[in-house]
Amino acid sequence: MRSRLALGCLLAAACGGEAFECGGKVLGVFVPASAVCDGRIDCWGGQDERQDGCTTALSFCDQPEPQAVLASVVCDGTADCDDGFDEASCE
Ligand SMILES: [Ca+2]
Ligand SMILES: [Ca+2]
């Protein structure tokens, strides 16, 4: 199944309570603080799963702006990267 990002709340105030800013080139995208280290990619670049204490295994698509996917979806037969990079080097 192709996974798409939930873009979170866009504005910190819309998250209600604590918000985490994804950062990267796409500025101003926030996700609820509860999305950090929850094992799901909420930020485009996976910043929410790359914080101290996270154990989520990530892989990255070959894009100008790194797009994160879960390591578990690499070579699963479905293109999860927009460019299909996660399936490009599978046997
Ligand atoms: Ca997350
Ligand atoms: Ca895949």
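All values derive from a computational prediction rather than experimental measurement.

**Q** Residue-level account of the overall build of the protein chain, with values.
**A** Within the protein chain one finds 1 helix and 4 strands. The N-to-C order of helical and strand elements in the protein chain reads α-β-β-β-β. A burial count over the protein chain gives 32% of its 91 residues as buried. Taking the intrachain contacts of the protein chain between residues at least 6 apart in sequence as the baseline, contacts between residues at least 24 apart amount to 21%. Working note: accessible area of the protein chain is about 5,400 Å², and carbon and sulfur atoms make up 54% of it.

**Q** Describe the coordination of the calcium ion (ligand 1), listing the residues and the values that go with them.
**A** Ideal values for angles at a metal depend on the geometry: 109.5 degrees with four tetrahedral donors, 90 or 180 degrees with six octahedral donors. At the metal site, the calcium ion (ligand 1) is ligated by Ala35 (O), Asp38 (OD), Arg40 (O), Asp42 (OD), Asp48 (OD) and Glu49 (OE), and these contacts range over 2.1 to 2.4 Å. The site at the calcium ion (ligand 1) holds 6 donor atoms, and with the angles between them running 77 to 169 degrees, its shape is octahedral.

**Q** Requested: an account of the coordination of the calcium ion (ligand 2), with residues and values cited.
**A** All of the protein donors around the calcium ion (ligand 2) are Val73 (O), Asp76 (OD), Thr78 (O), Asp80 (OD), Asp86 (OD) and Glu87 (OE); their distances to the metal are 2.1 to 2.4 Å. Here the donor residues for the calcium ion (ligand 2) map to a single chain with the spacing V-x2-D-x1-T-x1-D-x5-D-E. Residue Val73 is found in the segment after strand E4 (68–70), and its partner Glu87 is found in the segment after E4; the two are separated by 14 residues along the sequence. Residue Glu87 is classed as partly exposed on the basis of its relative accessible area of 21%.

**Q** Describe in detail the state of the cysteines, supporting the description with residues and values.
**A** Among covalent bonds in proteins, the disulfide is the one between the sulfur atoms of two cysteines. For the structure shown, the criterion picks out 4 disulfides. The residue that forms a disulfide with Cys37 is Cys54, at a sulfur-sulfur distance of 1.9 Å. Looking down the S-S bond of the Cys37 and Cys54 bridge, the torsion is -80 degrees, so its handedness is left-handed. A residue pair is termed long-range when its members are at least 10 positions apart, and Cys37 in the loop between strand E2 (30–32) and strand E3 (58–60) and Cys54 in the loop between E2 and E3 qualify at 17 residues. Residue pairing for Cys61: its cysteine sulfur links by disulfide to Cys81, the two sulfurs lying 1.8 Å apart. Between Cys61 and Cys81, the S-S torsion sits near -80 degrees, and that sign places the bridge as left-handed. Taken together, the positions of Cys61 in the loop between E3 and E4 and Cys81 in the segment after E4 put the pair 20 residues apart, joining distant regions of the chain. The exposure class assigned to Cys61 is buried, which follows from its relative accessible area of 6%.

The rules we used
Residues numbered from 1 in each chain as written. Chains lettered and ligands numbered in written order. Predicted model: local features only at pLDDT ≥ 70, side-chain atom pairs only at ≥ 80, totals over all residues. Heavy atoms only, no water. Helix = DSSP H or I, 4+ residues; strand = E, 2+ residues; numbered from the N terminus. Buried < 20%, exposed > 50% of the residue type's maximum accessible area, 1.4 Å probe, protein only. Contact = heavy atoms within 4.5 Å. Areas by Shrake-Rupley, 256 points an atom, 1.4 Å probe, with all protein chains shown as cover. Donors = N, O, S within 2.8 Å, 3.2 Å for Na, K, Ca; no water. Tetrahedral: all angles 85-135°; square planar, octahedral: opposite > 155°, others 65-115°. Disulfide = S-S within 2.5 Å.

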